[in-house]
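If you want the building blocks of each chain, they are given just below.
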Amino acid sequence: MDGCAAGTLKFLPGEIVVDGRAHSIAWCSGLYVVPEFRKSLLGVTLIKEARHTYEIVGGSRVGETAFPLFERLGWLGIPLTRYVLACRSRPILEHSLGTGKVASMLAPVADFAIGLHRRMLERREEASCADLRCTLASSVPESLDPALAELSHPVGCHRSSRWLNWILQNAFDTDRGNRKHLFFIHDRPDRLVAYFITRVKIHERPSHRGSEALLVGSVLDWGVFDPHTINQKRLWLMATNTLTAEGVDVVEICDMSPDADVPFGFRKYGRHWMVLYSSPTGPTIDKGAMSHWRVRQIDGDSGLS
C-alpha cells in the first residue's frame with residue numbers, strides 16, 4: 001500500500017471564548033485508520049499531530065475506551081453528565097430481560113407507569129410554565145446575535161445566528177427519521193426569554209435478534225436570556241414535553257453539572273465526553289470552574305451527527 005492513505009483526521013473550524021476573549025478552535029472529526037494499520041499506533045500519531053497544527057484543538061463524542069488515550073496525551077477531559085428519561089418500556093425491558101415472557105408480562109404495567117409520568121410532566125409544565133409560550137421556529141434571526149453573545153461563561157463555545165442556523169440545516173447523515181428543531185420561548189408580554197434546540201435520531205443498537213432501532217430525543221442546546229422569567233429546569237421541562245410528543249423512546253440531556261436540577265424522572269446514565277487541548281502558546285484554561293462552562297452536546301461535530 002505504498003503511497004496510499006492509511007488514516008485520516010478531519011477538522012471543523014470553530015471559536016471558543018476564554019475569559020471574554022475569542023480564540024479559534026479546530027474540532028477533530030472523522031478519525032479513521034485503515035484496518036490493516038490499526039495496530040501501528042497511527043491513530044495516536046494523528047492525535048499528536050493535531051496538537052502541533054492548531055493552537056486549540058477539541059473533540060466531542062469521545063468513547064469511554066478512547067478517552068484514557070487522550071488523557072495520557074495531555075488533553076483536558078470535559079465530562080457532560082448524561083441525564084436520561086425513559087418514554088417507552090420496550091427498549092428498557094428488552095435491554096434488561098430480552099424478549100421473553102417476563103418482558104411481555106411487565107410491558108403493560110411499565111407502559112402505564114410511563115404514561116402516567118408523562119401526563120404528570122405535561123401538567124407540571126401547564127402549571128409552572130403557564131405564563132410562557134413555546135413555539136417552533138425555522139431559523140435564528142440575526143437580531144438575536146447580541147443576546148447570544150451575552151451568554152457569558154468562563155469558557156464557552158461560540159453562539160451566533162449564522163452558526164446555529166448552519167447546524168440546524170446540515171447533518172452528516174440523510175436519514176429522514178433524524179430531525180432537528182428550534183424552539184423559542186416567549187413570556188406574556190411576548191418577549192423572547194429563551195431558546196432550545198432538539199434532535200430526534202434513530203440509533204441502531206446490537207441485540208440477540210441483530211439490531212434494534214431506538215428513537216432518541218436529545219436537548220442539544222439551550223440558552224436563557226431572562227433568568228428572572230425562566231430557569232434551566234423549566235426550560236428542560238418544556239423541551240422534554242416537545243420530544244415526548246414526537247414519540248421518542250428516550251430523552252437525553254447532557255449538562256456540565258453532575259448534580260443538575262433535572263425534571264422528575266430523569267436518571268444519570270453515563271457521560272458524554274469531550275476533550276480540549278490548548279498549546280503552550282494558547283490561552284490558559286482553568287478547569288477548576290468547569291461546572292460553570294458553557295459547553296453543550298451540540299458543540300464540536302455532535303450537532304451534525
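Fair warning: this is a prediction, and the values are worked out from it, not measured in the lab. Numbering of residues begins from 1 in every chain and follows the order in which that chain's sequence is written. Where local features are concerned, this predicted model is filtered to residues with pLDDT of at least 70; where side-chain atom pairs are given and counted, the filter is 80 or more; whole-chain, interface and lining totals use all residues. Remark: hydrogens and water are excluded; side-chain values derive from all non-hydrogen atoms of the structure.

**Focus on the pairing of strand S1 (residues 7–18)**
Strand pairing is assigned whenever DSSP detects at least two bridges linking the two strands. A run of DSSP states H or I qualifies as a helix once it reaches four residues; a run of E qualifies as a strand once it reaches two. Both are numbered from the N-terminal end. With 11 bridges joining them, S1 and strand S2 (residues 21–33) adopt antiparallel strand pairing. Following the sheet pairing, Leu12 is matched in S2 by Trp27. Linking S1 to S2, which pair antiparallel, is a turn of two residues; within it Asp19 sits at a positive phi near 50°. Here S1 pairs with strand S6 (residues 155–157) via three bridges, running antiparallel. Among the inter-strand pairings, Val17 is bridged to a residue of S6, identified as Gly156.

**Remarks on unusual backbone geometry**
A positive phi angle is found at Asp19, which is not glycine, with a value near 50°. Looking at the secondary structure, you find Asp19 in the loop between S1 and S2. Residue classification places Asp19 among the exposed residues on the basis of a relative accessible area of 60%. The backbone of Asp190 shows a phi angle near 70°, a positive value even though the residue is not glycine. Position of Asp190 relative to the elements: it lies in the loop between strand S7 (179–187) and strand S8 (192–207). Per-residue accessibility, obtained with a 1.4 Å probe over protein chains only, is compared with the maximum for each type, and a residue is labelled buried under 20%, exposed over 50%, and partly exposed between these values. Among the residues examined, Asp190 registers a relative accessible area of 45% and is labelled partly exposed.

**Looking at the environment of Glu150**
Tracing the backbone shows Glu150 in the loop between helix H5 (145–149) and S6. On the basis of relative accessible area, Glu150 is assigned to the exposed category, the value being 63%. Between the C-alpha atom of Glu150 and that of Phe225, which follows or precedes it by 75 residues, the distance is 8.4 Å.

**Overview of the pattern of salt bridges**
We count a salt bridge whenever a side-chain nitrogen from Lys or Arg sits within 4 Å of a carboxyl oxygen from Asp or Glu. Under the defined criterion, the tally for this structure stands at 14 salt bridges. Here Asp173 ties to Lys201 by a salt bridge, and the two come within 3.1 Å at their closest N and O atoms. Placement of the pair is Asp173 in the loop between helix H6 (161–169) and S7 and Lys201 in strand S8, with a sequence separation of 28 residues. We classify Lys201 as buried; its relative accessible area is 16%. Two residues, Lys268 and Asp259, come together in a salt bridge whose shortest N-O distance is 3.4 Å.

**Let's talk about the side chain of Arg199**
Tracing the chain through its elements places Arg199 in strand S8. Positive charge is attributed to Lys and Arg, negative charge to Asp and Glu, and no charge count is given to His or to the chain ends. There is no salt bridge for the buried Arg199, and the closest opposite charge comes from Glu252, which lies 4.4 Å off by N-O distance. Counting of polar contacts relies on pairs of N or O atoms within 3.5 Å, with two restrictions inside protein: one atom must be capable of donating a hydrogen and the other of accepting it, and residues adjacent in sequence are counted only when both atoms are side-chain atoms. Side-chain polar atoms of Arg199 contact the backbone oxygen of Ser302, separated by 2.9 Å. Should any heavy atoms of two residues lie within 4.5 Å, those residues are considered in contact. Those residues in contact with Arg199, other than ones at most four positions away along the chain, are Arg179, Lys180, Val216, Gly217, Ser218, Leu220, Leu243, Glu252, Gln297, Ser302 and Ser305.

**Considering the packing of aromatic side chains**
Put simply, two rings from Phe, Tyr or Trp (the six-membered ring, in Trp's case) pair if the centres are within 6.5 Å, and we call them stacked under 30 degrees between planes, edge-to-face over 60, tilted for the rest. Under the criterion given, the structure shown has seven aromatic pairs. Between Trp75 and Tyr277, the aromatic rings sit 6.0 Å apart at their centres with planes inclined by 40°, giving tilted as the arrangement. Placement of the pair is Trp75 in the loop between helix H2 (67–72) and strand S4 (76–86) and Tyr277 in strand S11 (residues 267–278), with a sequence separation of 202 residues. Here the two residues Trp75 and Tyr277 agree in accessibility, since each one is buried. An aromatic cluster is defined as three or more aromatic residues linked by ring pairs; in this entry it consists of Phe70, Trp75 and Tyr277. Remark: a charge is flagged as sitting over a ring if the NZ atom of Lys or the CZ atom of Arg is within 6 Å of the ring centre and within 35 degrees of the ring normal. Between Arg51 and the ring centre of Tyr277, over which it is positioned, the NZ or CZ distance is 5.1 Å.

**Concerning the nonpolar core**
Inside soluble globular proteins, nonpolar side chains tend to come together where they are buried. The nonpolar core is taken to be a set of buried Ala, Val, Leu, Ile, Met, Phe, Trp, Tyr and Cys residues, with the residues joined through side-chain atoms within 4.5 Å. Residues Ile78, Tyr195, Ile197 and Trp293 are the most contacted members of the largest nonpolar core, which totals 34 residues. Among the secondary structure elements, those contributing two or more residues to this core are S1, S2, S4, S6, H6, S7, S8 and S11. In terms of nonpolar packing, the next biggest core, distinct from the first, is built from 26 residues, Tyr83, Phe183, Val219 and Trp236 among them.

**Quick look at the pairing of S7**
Within S7, seven of the nine residues are buried, which leaves the element mostly enclosed by the surrounding structure. Sheet analysis places strand S5 (residues 132–137) next to S7, joined by six bridges and oriented antiparallel. Bridge pairing links Leu132 to Asp187 in S7.

Everything listed here is a matter of geometry and, on its own, says nothing about what the molecule does.
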